[in-house]
Amino acid sequence: MNILTRPILEFNLNNLLDNYNVLAKIASPATPAAVVKDDSYGVGSAIVVQALYEKANCRNFFIAHAVEGEKLASLAPNAKFFVLQGIGDDSIALFKKIPQLVPVISSPQMLKFWQDNAISGVKPVIQVETGLNRLGFREDELKKLTPQEREMFCLVMSHLACGDEKDHFMNAHQIETFEYIKKTYFPKTPASLSASDGVFLGENFHQDLVRLGAALYGINTAPYRPNQMKNVVTVKAPVLQIAHLPKGDFVGYSATYRASSDRKIAIVSIGYGDGLPRSLSNIGKVFFKKDGKIIETRIIGRVSMDNIICDVTNVDGLQCGDIAYLADDFYTLDDVALDAGTISYEIMSRLGKNPRFDKRYI
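Rules and cut-offs
- Along each chain, the written sequence defines residue order, and numbers are assigned to residues from 1.
- The predicted origin of the model limits local features to residues at a pLDDT of at least 70 and limits the giving and counting of side-chain atom pairs to 80 or more, whereas totals for whole chains, interfaces and linings rest on all residues.
- Excluded from the side-chain calculation are hydrogens and water; included are all heavy atoms of the structure.
- Comment: elements are numbered from the N terminus, with helices defined as DSSP H or I runs of at least four residues and strands as E runs of at least two.
- Exposure classes here rest on a 1.4 Å probe applied to the protein chains alone. A residue is buried below 20% of its type maximum, exposed above 50%, and partly exposed in between.
- Calculation of accessible area relied on Shrake-Rupley with a 1.4 Å probe; when residues are assessed, cover is drawn exclusively from the protein chains displayed.
- His is not counted here, nor are the chain ends, while Lys and Arg score as positive and Asp and Glu score as negative.
- A charged residue contributes its charge at one atom only: NZ of Lys, CZ of Arg, CG of Asp or CD of Glu.
- In this analysis, strands are considered paired if DSSP registers two or more bridges between them.
- Contacts between residues were defined by any pair of non-hydrogen atoms, one from each residue, lying within 4.5 Å.
- Axes here mean lines fitted to C-alpha atoms, for a helix over just the part in contact, with angles spanning 0 to 180 degrees between N-to-C directions.
- Roughly parallel refers to an angle under 35 degrees, roughly antiparallel to one over 145, roughly perpendicular to one between 65 and 115, and oblique to any angle outside these ranges.
- For this classification, Asp, Glu, Lys and Arg are treated as charged, while Ala, Val, Leu, Ile, Met, Phe, Trp, Tyr, Cys and Pro are nonpolar and the rest, including Gly, are polar.
- The arc in question is the one spanned by the directions pointing from the helix axis to the C-beta atoms.
- What counts as a ring pair is set by centres within 6.5 Å for rings of Phe, Tyr and Trp (its six-membered ring), and what kind of pair is set by the plane angle: stacked under 30 degrees, edge-to-face over 60, tilted for all other angles.

1. Considerations on the overall build of the chain
Thought 1: Scanning the chain from terminus to terminus reveals 13 helices and 18 strands.
Thought 2: Dimensions of the chain, computed from C-alpha atoms along their principal axes, come out at roughly 80 × 45 × 35 Å.
Thought 3: When the 362 residues of the chain are sorted by exposure, 55% land in the buried category.
Thought 4: A total accessible area of about 16,400 Å² is found for the chain, and carbon and sulfur atoms account for 50% of it.
Thought 5: Placing the 40 positive and 40 negative side-chain charges of the chain at their respective mean positions leaves the two points 1 Å apart.

2. Here's the deal with the pairing of strand β13 (residues 263-268)
Thought 1: Note: strand β10 (residues 233-245) against β13, six bridges, orientation antiparallel. Counterpart to A243 in the pairing with β13 is I265.
Thought 2: When β13 meets strand β16 (residues 308-311), the two strands line up antiparallel, connected through four bridges. The partner of I265 across the bridge, within β16, is D311.

3. Remarks on the sheet that holds strand β4 (residues 80-83)
Thought 1: Taken together, the eight strands give an open sheet; going across it, the order is β8-β7-β6-β5-β4-β3-β2-β9, and neighbouring strands pair in parallel fashion. Of all strands in the sheet, those bounded by a partner on one side alone are β8 (191-192) and β9 (209-212).
Thought 2: Examined bridge by bridge, strand β3 (residues 60-63) and β4 share four bridges and lie parallel to one another. The residue bridging N60 from the neighbouring strand is K80, located in β4.
Thought 3: Together, β2 (31-35) and β9 form the strand contacts of helix α1 (residues 13-27), whose direction differs from that of β9 by roughly 155°.

4. Structural notes on the environment of I181
Thought 1: Relative to the helices and strands, I181 resides in helix α9 (residues 169-185).
Thought 2: Separated by 15 residues in the primary sequence, I181 and K166 place their C-alpha atoms 22 Å from one another.
Thought 3: Ignoring any residue separated from it by four or fewer positions in sequence, one finds I181 in contact with V128, E129, T130, L142 and F186.

5. A word on the packing of helix α12 (residues 333-340) against helix α13 (residues 344-352)
Thought 1: Between α12 and α13, the least distance of the axes is 8 Å, while the angle of their chain directions is 105°. By the angle between their axes, α12 is roughly perpendicular relative to α13. For the pair α12 and α13, contact is made by L333, D334, V336, A337 and A340 and by S344, I347, M348 and L351, respectively.
Thought 2: Grouping the amino acids of the contact of α12 with α13 by side-chain chemistry returns seven nonpolar, one polar and one charged.

6. What to know about α12
Thought 1: Residues L333, V336, A337, D339 and A340 constitute the buried set of α12. Projected onto a plane normal to the axis of α12, the buried residues spread over an arc of 160° and lie on a single side.
Thought 2: Buried positions along α12 lie against β10, β14 (285-290), β17 (323-327) and α13.
Thought 3: Following α12 by one or two positions, G341 has its phi on the positive side, about 75°.

7. Some words on the packing of aromatic side chains
Thought 1: Applying the stated rule across the entire model yields nine aromatic pairs.
Thought 2: Between the aromatic rings of F11 and Y361, the centroid separation amounts to 5.2 Å while the plane-to-plane angle is 35°, which identifies the pairing as tilted. Of the two residues, F11 is situated in strand β1 (residues 8-11) and Y361 in strand β18 (residues 358-361); the sequence distance between them amounts to 350 residues.
Thought 3: The class of Y361 is partly exposed, set by a relative accessible area of 31%.
Thought 4: With 5.0 Å between their ring centres and 35° between their planes, Y41 and Y217 make a pair best called tilted.

If you want it as structure tokens, here you go:
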């Protein structure tokens, strides 16, 4: 019998590469770029960049901050790393040090900073606002750009607000606005509008470059249709103890669960300290694999910092050291998020960056 104590995260890099190739094929002939910000949504940006660079010939990556690119640039020496949060006093030294970093300029103030600190051989990206009302130049600011300034960028980009809802009116509004801005201000500049969700909206949304993010990692960014992506992330944790729960006894903090009959419970080594949402208390599902079968159980009581308690009355032969599955092919992070009342992006980011996990790569 194995005695394990740490939760486990498994990442299937073969599936990630397959997802990249599928998305690239759908978006062809647009250039595919991989979004590896936030440590590749928690998967591990160094490993993801190496895999995509060496095995999928990916040469364009998007990160949030220049500091994220400091360790990645050497792993992909012929690639560009587009920095979504742009450039400022706190990052200019890195841009000067690493010429592969390309700033995304999103405001007149940042453009002025870039012009005062321009790096020879680097052409920045300009982000324009088309309806999300987040980062980006508004049209009144674009009108003030000189012809020379309009031609200084290597890419004009924007971001969809409702790309995960195929028939949402905002999609038509944003692409119409984006096409107008391109034609009026950047007629010769390559363009990028879509992240993963936009890939599934049709050819006109692909433009010249698509930014492949969440879908790479198996998340369903087009929930109006069955997920075409392969699962990348498996979350599991060992059973630390199995106990008898008598009828009438309570479980966990605040005694939110009371046994209506005699039950068998398993205490599993994962909790909100590992990134598991506390909102899964008395709701979340946990699975066990026994004799070739997948058996569903439920979390009972509150999710605590380090543990959950599961009702395993229906699981025969369960032992300490057996593995509980919190997410897998049959119950993905999208399913977990639905039960938790959040989005899979958030859960993946929380889990993936937690140092308490035993991380394993397939």
